Amino acid sequence: MTQVLIADDSMPLRSGLRKLIEEHPGWLCSEARNGREALSKIETCAPDILILDLCMPVMDGLQAARAIRKLLPGLPILLCTTDLPPSLVSMAQRCGIRGTVSKFDSRQIEMGIEALLRHEAFFCWN
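Before going into details, it helps to say that this report is about the structure given with it. Remember, predicted model here, so these are calculated numbers, not experimental data.

Thoughts on the pattern of salt bridges
The tally for this structure, following the rule as stated, stands at ten salt bridges. Close ionic contact of Lys 103 with Asp 8 constitutes a salt bridge, the shortest N to O distance being 3.1 Å. One end of the pair, Lys 103, is in the loop between strand S5 (99–102) and helix H5 (106–117); the other, Asp 8, is in the loop between strand S1 (2–7) and helix H1 (11–22), with 95 residues separating them in the sequence. The burial state of Lys 103 is the same as that of Asp 8; both residues are buried. When the shortest N-O distance is used, the salt bridge between Glu 120 and Arg 118 registers 2.9 Å.

Shown next, in the form of structure tokens:
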């Protein structure tokens, strides 16, 4: 089984992502409302991959990625956000994020998860 942790402050988006993830055979999902909650849940749910939103209260996606890299440098992180300019993709890479996808493209999200689980990078921008 593959454990996926989603960190996003939008409950409807988390629910939609969870549904998408759990439709995939062998994928299970946990949720966090922000980066700080994701940090605390990492220890209890032991995810194989983390999906982070960029804009969240308390701790945003880039701050969370930096903190998580210190704790679990090998954990694949996929940044899932609305706008992906090349400058953000570059910043994400510098934070140790291995993939970026649009929140509004379910196929792109699925492909990103699959790539990261194969230990490949997956960067999309717009």
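Let's pick the thread back up.
Points about the packing of helix H2 (residues 35–45) against helix H3 (residues 61–71)
Two numbers describe how H2 lies on H3: the axes approach to 9 Å, and their chain directions differ by 20 degrees. Classified by the interaxial angle, the pair formed by H2 and H3 is roughly parallel. In this structure, H2 crosses over H3, and the sense of that crossing is right-handed. Contact with H2, carried on its side by Gly 35, Leu 39 and Ile 42, involves Ala 64, Ala 67, Ile 68 and Leu 71 of H3 and no other residues of that element.

About the criteria used
Residues numbered from 1 in each chain as written. Predicted model: local features only at pLDDT ≥ 70, side-chain atom pairs only at ≥ 80, totals over all residues. Heavy atoms only, no water. Salt bridge = Lys/Arg side-chain N within 4 Å of Asp/Glu carboxyl O. Helix = DSSP H or I, 4+ residues; strand = E, 2+ residues; numbered from the N terminus. Buried < 20%, exposed > 50% of the residue type's maximum accessible area, 1.4 Å probe, protein only. Axes fitted to C-alpha atoms, helices over the stretch in contact; angles between N-to-C directions. Parallel < 35°, antiparallel > 145°, perpendicular 65-115°, else oblique. Left-handed = near helix turned anticlockwise from the far one by under 90°. Contact = heavy atoms within 4.5 Å.

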